[in-house]
4 protein chains.
Amino acid sequence: MHEKCGVVGISLEDRDAARPLYYSLYALQHRGQESAGIVTHDGFQQHSHVEMGLVGDAFGPSDLESLNGSHGIGHVRYPTAGSVNSSCAQPFSVSFKSGSLGLSHNGNLVNADEIGDELADLGHAFTSDGDTEVIAHDLARNLLEEDLVRAVKRTMNRIHGSYSLTIMHDETVLGVRDPEGNRPLCIGELEDGYVLASESAAIDTLDGELIRDVKPGELVVLHADGTGYDTYQLVEPENTAHCFFEHVYFARPDSTIDESLVYEVRRELGRKLWEESGVESDVVLPVPDSGRAFASGYAEAAQNDGSDIEFAEGLMKNRYVGRTFIMPTQDERERAVRLKLNPIKSTIEGKSVTIIDDSIVRGTTSTQLIQLLKDAGADEVHVRIGAPPIVAPCYMGIDMASRDELIAGNQSADEIRDEIEADSLSYLSIDAIAETLETSRTDLCLGCVTGEYPYDIDGEATDRDVVRPEIGTQSSPADD
Amino acid sequence: MHEKCGVVGISLEDRDAARPLYYSLYALQHRGQESAGIVTHDGFQQHSHVEMGLVGDAFGPSDLESLNGSHGIGHVRYPTAGSVNSSCAQPFSVSFKSGSLGLSHNGNLVNADEIGDELADLGHAFTSDGDTEVIAHDLARNLLEEDLVRAVKRTMNRIHGSYSLTIMHDETVLGVRDPEGNRPLCIGELEDGYVLASESAAIDTLDGELIRDVKPGELVVLHADGTGYDTYQLVEPENTAHCFFEHVYFARPDSTIDESLVYEVRRELGRKLWEESGVESDVVLPVPDSGRAFASGYAEAAQNDGSDIEFAEGLMKNRYVGRTFIMPTQDERERAVRLKLNPIKSTIEGKSVTIIDDSIVRGTTSTQLIQLLKDAGADEVHVRIGAPPIVAPCYMGIDMASRDELIAGNQSADEIRDEIEADSLSYLSIDAIAETLETSRTDLCLGCVTGEYPYDIDGEATDRDVVRPEIGTQSSPADD
Amino acid sequence: MHEKCGVVGISLEDRDAARPLYYSLYALQHRGQESAGIVTHDGFQQHSHVEMGLVGDAFGPSDLESLNGSHGIGHVRYPTAGSVNSSCAQPFSVSFKSGSLGLSHNGNLVNADEIGDELADLGHAFTSDGDTEVIAHDLARNLLEEDLVRAVKRTMNRIHGSYSLTIMHDETVLGVRDPEGNRPLCIGELEDGYVLASESAAIDTLDGELIRDVKPGELVVLHADGTGYDTYQLVEPENTAHCFFEHVYFARPDSTIDESLVYEVRRELGRKLWEESGVESDVVLPVPDSGRAFASGYAEAAQNDGSDIEFAEGLMKNRYVGRTFIMPTQDERERAVRLKLNPIKSTIEGKSVTIIDDSIVRGTTSTQLIQLLKDAGADEVHVRIGAPPIVAPCYMGIDMASRDELIAGNQSADEIRDEIEADSLSYLSIDAIAETLETSRTDLCLGCVTGEYPYDIDGEATDRDVVRPEIGTQSSPADD
Amino acid sequence: MHEKCGVVGISLEDRDAARPLYYSLYALQHRGQESAGIVTHDGFQQHSHVEMGLVGDAFGPSDLESLNGSHGIGHVRYPTAGSVNSSCAQPFSVSFKSGSLGLSHNGNLVNADEIGDELADLGHAFTSDGDTEVIAHDLARNLLEEDLVRAVKRTMNRIHGSYSLTIMHDETVLGVRDPEGNRPLCIGELEDGYVLASESAAIDTLDGELIRDVKPGELVVLHADGTGYDTYQLVEPENTAHCFFEHVYFARPDSTIDESLVYEVRRELGRKLWEESGVESDVVLPVPDSGRAFASGYAEAAQNDGSDIEFAEGLMKNRYVGRTFIMPTQDERERAVRLKLNPIKSTIEGKSVTIIDDSIVRGTTSTQLIQLLKDAGADEVHVRIGAPPIVAPCYMGIDMASRDELIAGNQSADEIRDEIEADSLSYLSIDAIAETLETSRTDLCLGCVTGEYPYDIDGEATDRDVVRPEIGTQSSPADD
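If you're wondering where the values come from, they're calculated on a predicted model, not measured in any experiment.

Considerations on the environment of R158(A)
Part 1 of the argument: Along the chain, R158(A) turns up in helix α6 (residues 148-158).
Part 2 of the argument: Once the C-alpha coordinates of R158(A) and N111(A) are considered, the two residues, 47 residues apart in sequence, prove to be 8.7 Å apart.

Set out below in structure tokens:
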């Protein structure tokens, strides 16, 4: 159950939260297109609307109108391969002894099954097989005996993995980020309230001000009157495990995550890419849209070095190729890439070109792209990638591919170059990533590029000796 | 949360149960048009498809195909006024420590809130506010400590109210009927398996044979190999509380419920109606479709008495007036009845007519109908009703109306006659009902016609001293 | 291109016609469920909304609102086997030199291809292959040279076949019935206007009064101010060719067609059926719904003759088996009839039964029904049909079946009885039909029961020597 | 009835044309999102599927399968303000005396009403009020008397305005471009056939080779066996009237139109924009996506001039803001631009910025954008536009705005600068456009930037003395 998702939580003084939540989800739509949902609380009861599809399709005007209350949370969910299951759409909401709970989750627990089994031993029954329901049940159970902050702390001490959560307990909106800070979460201020969101672009959309990132292991509780918030450092992590792929690929360029603006990080990675493995060619072309910032930095560094390389667009992306597309038949399959990307001949024909992309996963698209460029008359095609090779799967919420589907899973860069028929191929080093993010390697999750993970995952190596809290309800050191 | 619903459960030797479940739900569609659902089990896992709408719209061929397994349960749900909430659609399914549970419920608990609170004290969290989830959680909890039969018994000793349930525990299909036998449930045999259903017409549809009604307080467990079933009389009721309105209005005429064929009951009630309050007139007309059997019995008894009264159709029902109908504007409103029922003038004009209906709820339709008949030239319009006046609401699962909406709530028959402008009006006696059903009054639920209920309902009188089992998890005498 | 359809036209003093048209189409929905459409005119321009599906699905509130104007026509269309083509949905509307035209057509031309070819020679281009477009183009062409009445007359002299049309020329609403009066059309009065409709039940629905049938060969022109209408007997037919099947099967029981109330015709046919071929049995059962009136007359005549035969319901129809139904697989196929009709055992078991139906087309359903009744315990099953055997196809707008699909196409009643395994089988005589309708045989279209048609149809016999008007634009005697 | 549209026509040796047509329409989707349609011919009959919505929504796999035949045409249509009318969706298809016709039209006739009236005088009736039906009827009429080429010529001599047409006469696919060449149309070669399309990108998508633009006044007839094509220069224009806005805004950057690659034209216009009105600032930012090529040329020219200006992305576009978006309420309205474009602060804060856009229409978005940039910390905001000011409406098929909605309709650049609160504003000169397109001003349609049109438009000035062919059916000089 791997998920890339976006979460949001809003508490306002007076105004209904439904519309700001709706616009926030629009701003986070790139983080999940499978389902969208909003749960609000009007002081007396919860209102919920969760549907499959894009934000714009999932909500009609009457849906927004029915979502009363100045407090609410929202969620967009990523289409995972295979089953599209409406029972996993979020926010997940339940009522229990001490009120109602709503949860939006971005991330992936590594011990959800264990905790689920423990709760089942205590009689809990589950309507889905998702992580989120497990967290909700655990939290609900803790709330029978503890106040809100202690209950969240107890749950945090039990769950292990990556999570950024927005939670609504009755009308109180909370935000929690896992102790490793794997997935992003930030807090912002509006004219009449506060907002928690996966990315700062959602805050911008509401004309709000980004205050700061939620810290790893921190709980933020928005005041129910919309006038402030309290914070609690519930767990003090020794090391963080920020996902560097948020900056490389997943987040919006205009978002600031863990104090670094994504667009600038990508441009700097592009500059480093030139420094590490720059190659002279007539022109450097981004693979749109995500390669654009890398390519711009790469070209700038090259020109500063005195290179004559030209920065141009060479591939036109068709914005309309969407979900309901009828795929070409087998013998038209090589044409598929052309429906999405068409070469602009003037910048390619008779030239040596360098294309800049953020990653190579399976390699299929790269192979087709290079063929396309050669068909369009490129003399040479050099490939530069703004990240290290992906050699292992992600267990923290990004559905990349299984290990043997990864082209770099068991091949060197040279072997890959030959397979995709490029004239040269270079990846960026891990050090360049750490340097650019101004973070030590031990504070990043590098699992997908090293195969060593900051979490205990069955059958995988761990990259450090992290002391994990004991799991159990009897005694929880963090409660002291 | 009042519901009229239909439930079904099927266990087959080999064949997939999805299609027989689908056809059964079609046969029970009159019991609920809001949502339809099927849950099956293939020996390894549950499959579920639940959707809003009619059976024919809720399931496509691929949905049926995905519902693997020879065992399953199904549900159709009634559109209740106000909120149409997809979270209440059934069957409700959960996974818990000892496997998976699916539940289909017809009826209404009177102590769901109490039990829900108790479960919440134990840490349970609920995703809906329906009775069915409460039963599911209670049963799941009991299954942690008991075998299936004892777990069901313990749950039956706790829940109080009306219920006919089909349950699926992993691949085992069960049927349970409340100790008062308020809602119907019967068991039938197929060539290659067994079926539990709200009405025998569902069994007919599958070319099966009705075996018998499930007894009040009885549990039926279908063998997972489709070759037989076991029964357990878990609770021995002193009195039953069969809903007589199933025979009068709700069930299909071709169903046999508690050993009485509905069509024959209605004809006999029609005969008694003539005996009790027959009035000479030129013609007797049924209000279609439900008044037809009453009118036929009424006319037969009259003719046997030597009356010249003619039995004819006088009102034509438009079969196409459905859910998506645009209602007339206020000043066209009196026309509304005409879109549904149009007089056949030849049987009305210049004649004294008697119309036979099964009930009068609010009286609005009756008033419009009588006006319509007079406009069509009727000299006199006599109204005869095949049931006693409805004076109080139903708490057992039929959403009639609130007490002050009921025209008979605080008016005599004569006052009602004047209000609806009939030339005469008579209802059937309660004794006629009891006699026809060959049941003593103390074994019927007569709440809606007496205001005294066989269950303890806040603010309502009870019609007897029923000894209820103690509610509590610590000790349950029925377990002994 | 055979079609059963319903047409309507309304002209009001002041009020918008859209809602009355909508309710009229609801009342005529039984005549066509494939598509529904309304075209109105507000004095300045036409407004049109035509969609596939039932009336309730085809129109939303905003659609009705957009259909401005006090004048309009409507149409419901029958689902013909095979292609469901939105280009054939009606009303058909065009603009031409002298304004705009809208047409709703019920019937079937026999010379549409000829006229279409002539118009094509003159340069006309067609967007569909329907009769209606041919009539519209011909009429538009005539309107270039003639006034409205003469133009209609000229078109009537050219087209040959069965047609009841409602036409809107700018804001003038017309009704035309073919010279043989094959399809019904009547005129009614509302409080504030006039209405033309296929059946009088549509007029009833609007609280209007039926004035009379439009006469064969007559044109009715509603005044644009809603205060009256003019009539023109454009063609004087020697003989009519009323379709007797409208009374037997197709029309609503509460409609009056050609001065006979359908319900009473069916009861009288039932009485004649007893007289001609009554058989003693314990019980007489209608095949619902259309057999009910026949059976009621049959039982009445029997009882008047001193028979002890009982009239009862023996088959319960499932009202929900609709279009989106997933059909049983091959080996479940014999079960199909059971999903639609379920026996009520008490009136069948151990009894000799007579079932009354309006027709036997292919015989498949009859065979299944008889089997069903025998399975339910009937000792004997006698079949009586309220119409003569159907031996030939209909070319006049009813899509019955091709000749070799008709069970009576080349078999005697005795052979059919054996095939369907009935204990006895009788049809009604043609004379009984003519007598009941108080019409001579030569004034009825009896094509489907005699194989001789009142129209010249390629490869079929004609039942009389009708002098047809010459076809041609040069001289048209009717213009004189 | 102004329309921006895309047209395509394909003739293949053997393979079904439906899928290539479908992928072509995908490639042309940017030219129209309101409706999509394909008409094919299989040698015996036409098949048609036209629906409202995007290509991906309008066609399912079964739709493509039903579109048999190796020959076909397709169309995408632009959403025009106000009425969305399914009767105007294209291709338009009719059958007439000499076979069947299908038409796809991009452009706008100026004398459609005249010709429609003439055809109406001859008896023609129209089902829509679109240009396309007029052309179809005229062509069908001419085909009664002439062969295909002469018939097209006669029609071209009658219709006046802008049009690129793909036509299918039975199985013959044609392409025609108006004598002024206002809208684009080109021809390409596939492995097994030929294709006509509005833009060369559609040909690329099919792995085809662009052969050349169809010449103004030229007819191209694809051979029905897919092996070649014939061309006919039916009208010899003195001057062309190419729409320069195709290159500036409407076409895809990767398309070649009238021998100029759109991307290169835009970059060159950007260079000229620097030359004409370059302004020193810290950074130059494109307004995505259409401003990107202009900005890249502008920055390049600046840097070549020794400027230190940096080229960067400063505005992030939300790709998901679509049709079903719920608009902000009045007091949230200023936020609307933020949902679509969010500033990337690092490239804006504390800097003087220049933004490059392709046009300013009403000015609302520009005003909001500048405010957005200042809120994000820009010290100065300079605006440079890659085209001349739009001072007058377009009558040739692009729905810009009415004259008084145009911000440049009656204001100077300085006044506009003040209104939108920019620090400076410059437009590109008309001469720069003509020079870049290597076309004289008299061969361009400059109506929207000069108010003088190359066509006779009621109430508008004409920019030249064009000798127009006489309109009339009696004698047409081009027929000689």
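What follows picks up the thread again.
Regarding the interface of chain B and chain A
Part 1 of the argument: With 18 residues of chain B at the contact, the number on the chain A side is 18 residues.
Part 2 of the argument: Of the roughly 1,400 Å² buried between chain B and chain A on both sides combined, carbon and sulfur atoms contribute 54%.
Part 3 of the argument: Linking chain B with chain A are two salt bridges.
Part 4 of the argument: K97(B) serves as the salt-bridge partner of D121(A), at 2.2 Å between the closest nitrogen and oxygen.
Part 5 of the argument: The tally of links from chain B across to chain A stands at six residue pairs in polar contact (both at pLDDT 80 or more).
Part 6 of the argument: In the side of chain B that touches chain A, the residues fall into nine nonpolar, six polar and three charged.

Here we look at the relation of the copies chain A and chain D
Part 1 of the argument: Expressed as a screw transformation, the operator carrying chain A onto chain D has a rotation angle of 180° and an axial translation of 0.1 Å, and the superposed copies differ by an RMSD of 0.1 Å. Such a turn and shift between the copies fits a two-fold axis. Ranked by how close their C-alpha atoms come to the rotation axis, the residues of chain A are headed by R319(A), at 4.1 Å.
Part 2 of the argument: Taken as a fraction of all interface residues of chain A, those also at the interface in chain D reach 100%, which identifies the copy contact as same-surface.

Re unusual backbone geometry
Part 1 of the argument: Note the cis peptide between Q90(A) and P91(A), where omega equals 0°.
Part 2 of the argument: Residue P288(D) is joined to D289(D) through a cis peptide bond whose omega torsion reads -10°.
Part 3 of the argument: In this structure, D289(D) sits in the loop between β18 (283-286) and α10 (291-304).
Part 4 of the argument: Here the phi dihedral of E421(C) falls at roughly 60°; this positive angle occurs in a residue that is not glycine.
Part 5 of the argument: Within the element layout of this structure, E421(C) appears in the loop between α13 (413-420) and β23 (424-427).
Part 6 of the argument: The phi angle at D170(D) is positive, at roughly 50°, despite the residue not being glycine.
Part 7 of the argument: One can find D170(D) in the loop between β8 (161-169) and β9 (172-177).
Part 8 of the argument: The exposure class assigned to D170(D) is partly exposed, which follows from its relative accessible area of 27%.

A short note on the pattern of salt bridges
For side chains of opposite charge, pairing can occur when their charged atoms come near one another.
Residue and element names in this part refer to chain A.
Part 1 of the argument: On inspection of all chains with the given rule, the structure shows 132 salt bridges over all chains.
Part 2 of the argument: Linking R31 and E199 is a salt bridge whose minimum nitrogen-to-oxygen distance equals 2.8 Å. Here R31 is found in the loop between α1 (18-27) and β2 (35-41), whereas its partner E199 is found in the loop between β10 (193-197) and α7 (200-205), with 168 residues between them in sequence.
Part 3 of the argument: Under the relative-accessibility criterion, R31 is labelled buried at 0%.
Part 4 of the argument: By relative accessible area, which is 0% here, E199 ends up buried.
Part 5 of the argument: Between E246 and R183 there is a salt bridge, with its nearest N and O atoms 2.7 Å apart.

Observations concerning the arrangement of the chains
Part 1 of the argument: Across the gap from chain A to chain C, with no contact made, the nearest C-alpha atoms are 16 Å apart.
Part 2 of the argument: Separated without contact, chain B and chain D have their nearest C-alpha atoms at a distance of 16 Å.

A closer look at the relation of the copies chain B and chain A
Comparison of the two chain copies shows a relationship of rotation about an axis with a shift along it.
Part 1 of the argument: Structural alignment of chain B on chain A gives an RMSD of 0.1 Å, achieved by rotating through 179° and translating 0.1 Å along the axis.
Part 2 of the argument: The share of interface residues of chain B whose copies in chain A are also at the interface is 100%, consistent with both copies meeting through the same surface.

Observations concerning the interface of chain A and chain D
Part 1 of the argument: Counting from both sides, the interface comprises 58 residues of chain A and, opposite them, 58 residues of chain D.
Part 2 of the argument: For the pair chain A and chain D, the two sides together bury roughly 5,000 Å², of which 53% comes from carbon and sulfur.
Part 3 of the argument: Between K345(D) and D204(A) there is a salt bridge, and its shortest N-O distance comes to 4.0 Å.
Part 4 of the argument: At the boundary of chain A and chain D, one finds 20 residue pairs in polar contact (both at pLDDT 80 or more).
Part 5 of the argument: Among the elements that line the side of chain A that touches chain D, the one with the most residues is α1(A), at five residues.

Section: the packing of aromatic side chains
Residue and element names in this part refer to chain A.
Part 1 of the argument: By the definition in use, this model includes 38 aromatic pairs over all chains.
Part 2 of the argument: Each ring, one from Y194 and one from Y229, has its centre 5.4 Å from the other, and the planes form 65°; the classification is edge-to-face. Taken as a pair, Y194 in strand β10 and Y229 in strand β13 (residues 229-233) lie far apart in primary sequence, 35 residues in all.
Part 3 of the argument: Plain terms: the ring middles of Y395 and Y453 are 5.1 Å apart, the flat faces sit at 75° to each other, and that makes the pair edge-to-face. Remark: Y453 occurs in strand β25 (residues 452-453) and Y395 occurs in the loop between β22 (380-385) and α13 (413-420); sequence separation between them is 58 residues.
Part 4 of the argument: You can call Y395 partly exposed: its relative accessible area is 22%.
Part 5 of the argument: Y453 gets classed as buried once you look at its relative accessible area, which sits at 1%.
Part 6 of the argument: Among the aromatic residues, ring-to-ring pairing joins Y22, Y23, Y26 and F59 into one connected group.

Here's the deal with a negative patch on the surface
Part 1 of the argument: On the surface, a cluster of negative charge is made up of D113(A), E114(A), D117(A), D129(A) and D458(A).
Part 2 of the argument: Tracing the sequence through the fold places D458(A) in the loop between β25 and β26 (461-462).

Comments concerning the pairing of β18(D)
Within a regular beta strand, the side chains point alternately toward one face of the sheet and then the other, so they alternate between its two faces.
All names here are of chain D.
Part 1 of the argument: Neither face of β18 is open: one carries V283 and L285, the other V284 and P286, and all of them are buried.
Part 2 of the argument: The pairing of β18 with strand β19 (residues 310-311) spans two bridges and is classified as parallel. Its bridge partner lying in β19, V283 is registered against E310.
Part 3 of the argument: In this view, the connection linking β18 to its parallel neighbour β19 by way of α10 has right-handed handedness.
Part 4 of the argument: Pairing between β18 and strand β22 (residues 352-357): four bridges, direction parallel. For L285, the partnering residue across the bridge sits in β22 and is I355.

Focus: the sheet that holds strand β7 (residues 161-169) of chain B
Residues and elements named next belong to chain B.
Part 1 of the argument: Sheet architecture is open: six strands sit in the order β5-β6-β7-β8-β12-β13, paired in antiparallel fashion. Looking at strand neighbours, the two that pair on one side only are β5 (92-96) and β13 (229-233), the edges of this open sheet. Going across the sheet, the axis of each strand differs from the next one's by a mean of 20°, ignoring polarity.
Part 2 of the argument: Here strand β12 (residues 218-222) pairs with β13 via five bridges, running antiparallel. Within β13, the position partnered with V221 by the bridge is D230.
Part 3 of the argument: Sitting on the sheet, helix α5 (residues 131-143) is in contact with β5, β6 (99-109) and β7, with an inclination near 135° to β6.
Part 4 of the argument: Helix α6 (residues 148-158) contacts β7, β8 (172-177), β12 and β13 of the sheet and is inclined by roughly 30° relative to β8.

A few points about the pairing of strand β24 (residues 424-427) of chain D
All names here are of chain D.
Part 1 of the argument: Going residue by residue along β24, you find S424 and S426 tucked away on one face and L425 and Y427 tucked away on the opposite face as well.
Part 2 of the argument: Sheet topology places strand β23 (residues 380-385) next to β24; four bridges connect them, and they run parallel. Looking at the pairing, V383 lines up with L425 of β24.

Digging into the confidence of the model for chain A
The predicted structure's coordinates, where accompanied by low pLDDT, should not be read in detail.
All names here are of chain A.
Part 1 of the argument: Of the residues in chain A, 91% have a pLDDT of 70 or more, and the chain-wide mean is 90.
Part 2 of the argument: Contacts of residues 466-480 to residues separated by more than four positions or lying in other chains number 23 contacts, the stretch itself having pLDDT below 50.
Part 3 of the argument: The ipTM for the predicted assembly is 0.89, set against a pTM of 0.87.

As for the sheet that holds strand β8 (residues 172-177) of chain A
Residues and elements named next belong to chain A.
Part 1 of the argument: Taken together, six strands build an open sheet; the order of strands is β5-β6-β7-β8-β12-β13 and the sheet is antiparallel. The sheet is open, and its two edges are formed by β5 (92-96) and β13, each paired on a single side. Neighbour to neighbour, the strand axes of the sheet diverge by 20° on average, direction disregarded.
Part 2 of the argument: Both β8 and strand β12 (residues 218-222) contribute to a ladder of three bridges, which runs antiparallel. Bridge assignment links G175 to a residue of β12, and that residue is V220.
Part 3 of the argument: Running at roughly 135° to strand β6 (residues 99-109), helix α5 (residues 131-143) makes contact with β5, β6 and β7 (161-169) of the sheet.

A look at the side chain of R31(A)
Part 1 of the argument: At 2.8 Å, the side chain of R31(A) forms a polar contact with the side chain of E246(A).
Part 2 of the argument: Each residue touching R31(A), except ones within four places of it in the same chain, is listed here: K4(A), C5(A), G6(A), V76(A), Y78(A), N106(A), P184(A), S198(A), E199(A), E246(A), F250(A) and A251(A).

Regarding the packing of helix α5 (residues 131-143) of chain D against helix α6 (residues 148-158) of chain D
All names here are of chain D.
Part 1 of the argument: Where α5 meets α6, the axes come as close as 8 Å, and the angle between the chain directions of the two elements is 135°. Considered as vectors, α5 and α6 are oriented oblique to each other. Where α5 crosses over α6, the two elements pack in a sense that is right-handed. Residues I135, D138, L139, N142 and L143 of α5 lie in contact with α6, whose contacting residues are L148, A151, V152, R154, T155 and R158.
Part 2 of the argument: Partitioning the contact of α5 with α6 into residue classes produces six nonpolar, two polar and three charged.

Cut-offs and rules
Residues numbered from 1 in each chain as written. Chains lettered and ligands numbered in written order. Predicted model: local features only at pLDDT ≥ 70, side-chain atom pairs only at ≥ 80, totals over all residues. Heavy atoms only, no water. Helix = DSSP H or I, 4+ residues; strand = E, 2+ residues; numbered from the N terminus. Contact = heavy atoms within 4.5 Å. Buried area = accessible area lost by both parts, 1.4 Å probe. Salt bridge = Lys/Arg side-chain N within 4 Å of Asp/Glu carboxyl O. Polar contact = N/O pair within 3.5 Å; in protein donor to acceptor, adjacent residues only side chain to side chain. Nonpolar A, V, L, I, M, F, W, Y, C, P; charged D, E, K, R; others polar. Least-squares fit on C-alpha atoms with pLDDT ≥ 70 in both. Buried < 20%, exposed > 50% of the residue type's maximum accessible area, 1.4 Å probe, protein only. Phe/Tyr/Trp six-rings, centres within 6.5 Å; stacked < 30°, edge-to-face > 60°. Patch = residues over 30% accessible without salt bridge, like charges linked within 9 Å, V, L, I, M, F, W, Y side chains within 5 Å. Areas by Shrake-Rupley, 256 points an atom, 1.4 Å probe, with all protein chains shown as cover. Lys, Arg positive; Asp, Glu negative; His and termini not counted. Charge placed at Lys NZ, Arg CZ, Asp CG, Glu CD. Pairing = 2+ DSSP bridges. Right-handed = clockwise from strand over helix to strand, strands pointing away. Axes fitted to C-alpha atoms, helices over the stretch in contact; angles between N-to-C directions. pLDDT = per-residue confidence, 0-100. Parallel < 35°, antiparallel > 145°, perpendicular 65-115°, else oblique. Left-handed = near helix turned anticlockwise from the far one by under 90°.

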